[in-house]
Structures are given as C-alpha cells and as structure tokens.
Amino acid sequence: MKAVVLRDITNSDDIALEELEIPKASRGWVLVKILGFGMNHSELILRVDEIRAPYIQKPIVPGIECIGLIEESLEEGFSKGDLVCCLMGGLGRSFNGSYEEYAVLPVNRLFHINSGLDIEHLAAVPETFFTAWGSLFECLNLKPSDILLVRGATSALGYASMQIGKALGCEVYGTTHKREKLHLITDLGCQAILDPDGRLPKGFYANRILELIGPKTIRDSLSHLYHGGIVCNTGVLGGEYFLNQFDPIKEIPNGCYLTGFFSNYPTQEVMDQIFSFIDEHCIVPFIGASFRFNDIRQAVKAQEKGVNGKIVVVM
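Sequence order as written defines residue numbering, which begins from 1 separately in each chain. With the structure being a predicted model, the display of local features is reserved for residues of pLDDT at least 70 and the display and counting of side-chain atom pairs for 80 or more, all residues being used for whole-chain, interface and lining totals. By convention in this description, side-chain values take in all heavy atoms of the structure and omit both hydrogens and water.

### Things to note about the nonpolar core
Test applied: Buried Ala, Val, Leu, Ile, Met, Phe, Trp, Tyr and Cys residues that are joined via side-chain atoms within 4.5 Å together make up what is termed a nonpolar core. Only protein chains enter the area calculation, which uses a 1.4 Å probe; residues under 20% of their type maximum are buried, those over 50% are exposed, and those in between are partly exposed. Only DSSP runs of H or I reaching four residues or more are called helices, and only runs of E reaching two or more are called strands; each is numbered from the N terminus.
Core analysis: the biggest nonpolar cluster contains 45 residues, and Cys85, Phe129, Met162, Met271 and Ile274 have the highest contact counts within it. A per-element tally of this core places helix α3 (residues 126-139) first, with six residues. Grouped together as the second largest cluster of nonpolar side chains are 36 residues, Phe37, Ile70, Leu91 and Ala103 included.

### Quick look at unusual backbone geometry
Of note, the bond from lysine 58 into proline 59 is cis; its omega dihedral lies within 30 degrees of zero at -5°. Checked against the element boundaries, proline 59 lands in the loop between α1 (41-48) and β4 (65-72). The residue methionine 88 is not glycine, and still its phi comes out positive at about 60°. With respect to the element layout, methionine 88 can be found in the loop between β5 (83-87) and β6 (102-106).

### Re the environment of isoleucine 249
Mapping isoleucine 249 onto the fold places it in helix α7 (residues 248-251). The class for isoleucine 249 is exposed, based on a relative accessible area of 73%. When the C-alpha positions of isoleucine 249 and leucine 44 are compared, they lie 36 Å apart, and in sequence the two are 205 residues distant.

### Re the sheet that holds strand β9 (residues 171-176)
Going by this rule: Strand pairing is defined by DSSP finding a minimum of two bridges between the two strands. Throughout, an axis means a line fitted to C-alpha atoms (over the contacting stretch in the case of helices), and angles, computed between N-to-C directions, take values from 0 to 180 degrees. Contact between two residues is taken to exist if any of their heavy atoms lie within 4.5 Å; hydrogens are not considered.
Judged by pairing direction, the sheet is parallel, and its six strands sit side by side in the order β10-β9-β8-β11-β12-β13 without closing on themselves. Where the open sheet ends on each side, the last strands, each with one partner, are β10 (191-194) and β13 (257-260). On average, each strand axis in the sheet is inclined to that of its neighbour by 20°, with strand direction left out of account. Note that strand β8 (residues 147-151) and strand β11 (residues 206-211) share four bridges and pair parallel. What sits directly across from leucine 149, in β11, is isoleucine 209. Relative to β8, helix α4 (residues 156-168) is tilted by about 170°, and along the sheet it contacts β8, β9 and β11.

### Re the pattern of salt bridges
How we decide: By convention in these notes, a salt bridge is any Lys or Arg side-chain nitrogen within 4 Å of a carboxyl oxygen on Asp or Glu.
A complete count under the given rule lists 11 salt bridges for this structure. Residue lysine 310 pairs with glutamate 65 through a salt bridge whose shortest N-O separation is 2.8 Å. On the criterion of sequence distance, the pair formed by lysine 310 in strand β15 (residues 310-314) and glutamate 65 in strand β4 is long-range, its members being 245 residues apart. In this structure lysine 310 comes out as buried when scored by relative accessible area, which is 3%. Overall, the relative accessible area of 0% leaves glutamate 65 in the buried class. One salt bridge in this structure joins lysine 80 and glutamate 71, with 3.2 Å as the shortest N-O distance. Counted as one network, the salt bridges with shared partners bring together Arg151, Asp195 and Asp220.

### A look at the packing of α1 against helix α9 (residues 296-305)
Threshold: Throughout, the term roughly parallel applies to angles under 35 degrees, roughly antiparallel to angles over 145, roughly perpendicular to angles from 65 to 115, and oblique to all others. Gly falls in the polar group here, along with every residue not listed as nonpolar (Ala, Val, Leu, Ile, Met, Phe, Trp, Tyr, Cys, Pro) or charged (Asp, Glu, Lys, Arg).
α9 packs onto α1 with a crossing angle of 100° between their chain directions and a minimal axis gap of 11 Å. Taken as axis vectors, α1 and α9 run roughly perpendicular relative to one another. When α1 is examined against α9, the residues His41, Leu44 and Arg47 are found in contact with a partner set consisting of Val300, Gln303 and Glu304. Residue classes in the contact of α1 with α9 are distributed as two nonpolar, two polar and two charged.

Next comes the structure, spelled out in structure tokens:
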C-alpha cells in the first residue's frame with residue numbers, strides 16, 4: 001500500500017508516497033481501508049516541528065482523522081464493509097494515522113457513520129465538526145436565543161461553527177482580518193466583522209464567543225461579553241499559545257466565564273448526534289479544496305499556502 005511516512009522535519013517539496021506492507025488486525029485493533037481524510041493544522045505542526053518531540057512514535061504516518069471501510073476485524077460490533085470514522089486519541093502521533101491506504105486503528109477510536117453525505121463531504125466532518133460541536137454545546141452551552149460570535153470564522157472550524165449556529169437558530173457573527181474574505185461569512189447568512197487589528201468594534205457585544213484566534217485576542221473577546229456570557233478558547237490561529245501576565249480576577253468580567261475545549265474524547269453518541277444534526281439541517285461541509293491521494297504533495301502545499309474551508313483528500 002501507499003503511505004506518507006515522516007521521520008524528521010519534512011519540507012512540503014519532500015512529501016512522497018512510500019510502499020508499505022498492509023498491516024493486519026489484532027485484538028483491540030481493526031484494519032480499515034481509508035476512503036478519505038481531512039487535513040488539519042496540527043499535521044502541519046507535526047511535519048515542521050513537533051516530529052522531533054520524544055513522545056512522537058517515529059517513523060510515523062501523519063493524519064488525525066479519517067473515514068473508511070472495515071477491512072478486517074476480530075472485534076464484535078465491527079464487520080467487513082462497515083462505514084466508520086476515526087479521530088484523535090494519538091492517531092498520527094502515537095500510532096500511524098490516515099495518510100495511508102490502509103490503517104490499523106484502535107476500536108475505542110472507531111465510530112460508525114450513518115449519514116447521507118458523499119465520501120468527499122464525509123471526509124470533512126470528523127475532527128472539524130466534533131471540535132465545533134464540543135465547543136458550542138459542551139463549553140458554550142449554545143441555545144437558539146444566543147448571540148454567537150466566531151473569531152477566526154473563515155477557518156474550516158470557524159465555518160463549521162457558523163453553520164451549526166445558524167442551523168440552531170442563533171444570531172451569528174463572524175470575524176476575519178481580510179476584507180476579501182467577508183463574503184465567506186455573509187454568504188452563509190451570518191454578519192461579518194472586519195478586525196484587521198484584532199479588536200472588535202466599540203459597542204459590539206455577544207453572550208457566546210468562540211475564540212479560534214486564541215490568546216492573541218482573548219482579552220479583547222472577554223471585554224465584549226454581555227453579563228453571563230462565555231468565551232470558549234478552542235483555536236490558536238493567532239500563533240500565540242499562552243496568556244502572559246493574565247490576571248483572571250481583573251480580566252474576566254464579573255459574572256462572565258472563560259473556558260476551553262480539548263478535542264480528544266469523542267464518543268459514538270456524540271458522533272451520532274453530529275451526523276444526525278448535519279442530515280436534519282441539510283448542512284453541506286464547506287470544502288476549500290479536494291485532492292486525490294496520489295496528489296498529496298499538492299495538498300500539503302495548498303495547506304501551507306492557506307485555503308478557505310476544509311482541505312480533503314480522497315482515495
């Protein structure tokens with residue numbers, strides 16, 4: 001089978017498909033024929049820096065999510081031909097990930113899929129929509145009556161979050177620092193805010209803010225909350241990972257809340273809820289670019305350059 005294998009820091013020009021033996025299923029591990037996968041920023045971080053960390057199992061096949069068909073299983077509940085997805089839990093870091101034609105994946109990270117989406121759009125769902133779903137409902141406790149602001153709205157995660165918020169019935173706003181991207185927000189029926197300097201307009205307030213820029217704009221987001229509002233920090237698109245000299249007593253307004261979502265604990269119940277919600281509300285995941293697996297180098301280059309929406313790779 002063909003696979004991308006990382007051994008050290010790897011430039012996009014050096015991405016290539018290698019030939020590997022197809023692995024075999026074992027107790028607790030199921031062989032899956034990969035149909036497609038979405039690409040994520042964490043895979044870029046792995047390739048250009050994190051690969052040298054001692055906790056990364058090297059050599060490693062990257063990729064933190066996938067959809068596929070069960071090829072071989074010794075476990076009850078998984079039969080040949082079942083449509084499944086896998087995400088997180090060490091995928092692509094502790095054990096080989098999705099950038100390969102066949103993968104042996106742990107049973108506790110495999111989830112059955114029941115959906116009317118085609119393969120290409122299914123590939124855009126697992127990690128992105130799970131993270132959006134957890135951020136909005138587990139952390140922000142989102143309700144139809146809420147005013148939702150998504151900072152970093154034109155990212156794949158931001159777009160999915162706006163889609164869910166609109167489908168739920170919320171009043172949804174999204175930010176971007178590029179004027180040419182405003183239409184990506186308004187085309188969805190949301191209200192767009194241009195914040196090139198990382199500051200929201202004076203007088204604007206929301207009661208639910210999904211912070212995807214991260215520590216770079218958290219302070220500003222907190223200052224634009226209604227009483228009782230919540231900021232959920234999920235992303236670090238701003239490139240800053242820590243809040244230096246942060247004083248929670250003074251900088252979190254009285255009666256407001258700051259939380260965060262860590263997308264490492266999916267369950268079958270939650271994945272069922274996500275796919276059911278997508279089908280019920282006729283949501284079409286926003287794909288920015290789609291590539292065949294043989295063109296994985298071009299997909300990696302597109303990720304470096306930046307694409308509006310999710311990048312998916314299909315076999």
